[in-house]
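Each chain, letter by letter, is given below.
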Amino acid sequence: MHEPNNGFYQSFDTETIDGPRTPDQIRTPFQHDRDRVIYTSAFRRLQAKTQVFRSGEYDFYRTRLTHSIEVAQIGRGICNYLKKTGSLLSNDFYIDPDLVEACCLAHDIGHPPFGHAGEKSLHRLMKAFGGFEGNAQTLRLLTETIFSDGPKRAGMNPTRAFIDGVLKYKTLFSHRKKEKHFIYDDQERFLRFVNGGTTQDCSISRAAEDNPAQDQRKSIECQIMDWADDTAYSLGDLIDGIRAKFITPYTIGKVGARQPARKRFRQRFFDRGFD
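Residues numbered from 1 in each chain as written. Predicted model: local features only at pLDDT ≥ 70, side-chain atom pairs only at ≥ 80, totals over all residues. Heavy atoms only, no water.

Peer 1: Just to check I follow, could you spell out a nonpolar patch on the surface for this structure?
Peer 2: Judged by side-chain polarity, Leu122, Leu125, Met126 and Phe129 come together as a nonpolar surface patch covering roughly 410 Å² of accessible area. Relative to the helices and strands, leucine 125 is located in helix α6 (residues 115-126). (Patch = residues over 30% accessible without salt bridge, like charges linked within 9 Å, V, L, I, M, F, W, Y side chains within 5 Å. Areas by Shrake-Rupley, 256 points an atom, 1.4 Å probe, with all protein chains shown as cover. Salt bridge = Lys/Arg side-chain N within 4 Å of Asp/Glu carboxyl O. Helix = DSSP H or I, 4+ residues; strand = E, 2+ residues; numbered from the N terminus.)

Peer 1: Got a minute to help me understand the nonpolar core in this structure?
Peer 2: Nonpolar side chains in soluble globular proteins tend to be buried together. Counting 33 residues, the largest nonpolar core has Val37, Ile109, Leu142 and Phe162 as its most contacted members. Of all the elements in the fold, those that place two or more residues in this core are α2 (29-38), α3 (41-44), α4 (64-85), α5 (97-106), α7 (134-145), α8 (160-166) and α11 (220-243). The contact partners of isoleucine 109, leaving out residues within four places of it in the chain, are Ala42, Phe43, Leu46, Lys49, Thr138, Leu141, Leu142 and Ile146. Listed in part, the 15 residues of the second largest apolar core include Leu139, Leu167, Phe190 and Leu191. (Core = buried A, V, L, I, M, F, W, Y, C linked by side-chain atoms within 4.5 Å. Buried < 20%, exposed > 50% of the residue type's maximum accessible area, 1.4 Å probe, protein only. Contact = heavy atoms within 4.5 Å.)

Peer 1: Teacher, can you tell me more about the pattern of salt bridges here?
Peer 2: Side chains bearing opposite charge may pair, as long as their charged atoms lie close to each other. Evaluated as defined, the whole model comprises 18 salt bridges. Notably, a salt bridge pairs glutamate 144 with arginine 140, separated by 4.0 Å at the nearest N-O pair. On the criterion of helical spacing, the pair formed by glutamate 144 and arginine 140 is a turn pair, its members being four residues apart in helix α7. Judged by its relative accessible area of 24%, arginine 140 falls in the partly exposed class. Salt bridges linked by common partners bring Asp24, Arg27, Arg34, Asp35, Arg76, Asp98 and Glu101 together as one network.

Peer 1: Just to check I follow, could you spell out unusual backbone geometry for this structure?
Peer 2: It is generally the case that most residues other than glycine have a negative phi and that most peptide bonds are trans. Unusually for a residue other than glycine, asparagine 157 sits at a positive phi of about 55°. Position of asparagine 157 relative to the elements: it lies in the loop between β2 (152-154) and α8.

See the structure below:
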């Protein structure tokens, strides 16, 4: 398999969860990850999932699909910016933009229709059976069910770095005190793999896995994906809200008048002449 000439990554990062892939002399392992995501039905289904407005309500508004494409572009842009400006990075030591793009494109594929409201409803219905969480469902798709394999389902055999890049949360459902931000208990084997073992290896300390603070130990690719996601939905949702006329100087002023800080914002908004 073609390996990138990039000292930022080692063979450890490109190991795949279900054993070696068929050799590919053209694409790097991370390009392979990205391409496998793009050509899945799970990725295409994002076009019918809510971002803010219902899919098909109007052709201007973003869906989860267009949002994910925007996140991927921002993620690649962050990688390029860091490579050009980071004193520790160089042409042979850099954060792989193909890997970040794969993480960005995949970050929402496990999220259900109807946005976070749908996610909460599914979690309520599934709580007695291990819960439902959009990010945990993304991991399930990538590792277990994203492809048809005859009458069965199969995962895409992702690389270790790719799995780590989509793992925003690393605490098991049974150890999570909150109603969200967890992975399913039966995904513990994937957490072991990311931590350096295998899906059958039990040598990783459970004390580390049970510690909610580990959610803060995100890979750099995961952090970039998260930043890109925040940027894309913050600006995109605002633009869609303005286009739908839900956000206007009047509505901002009406809400803002209730709090002094918002009142100051309202005054600046009117002073600049927005309409």
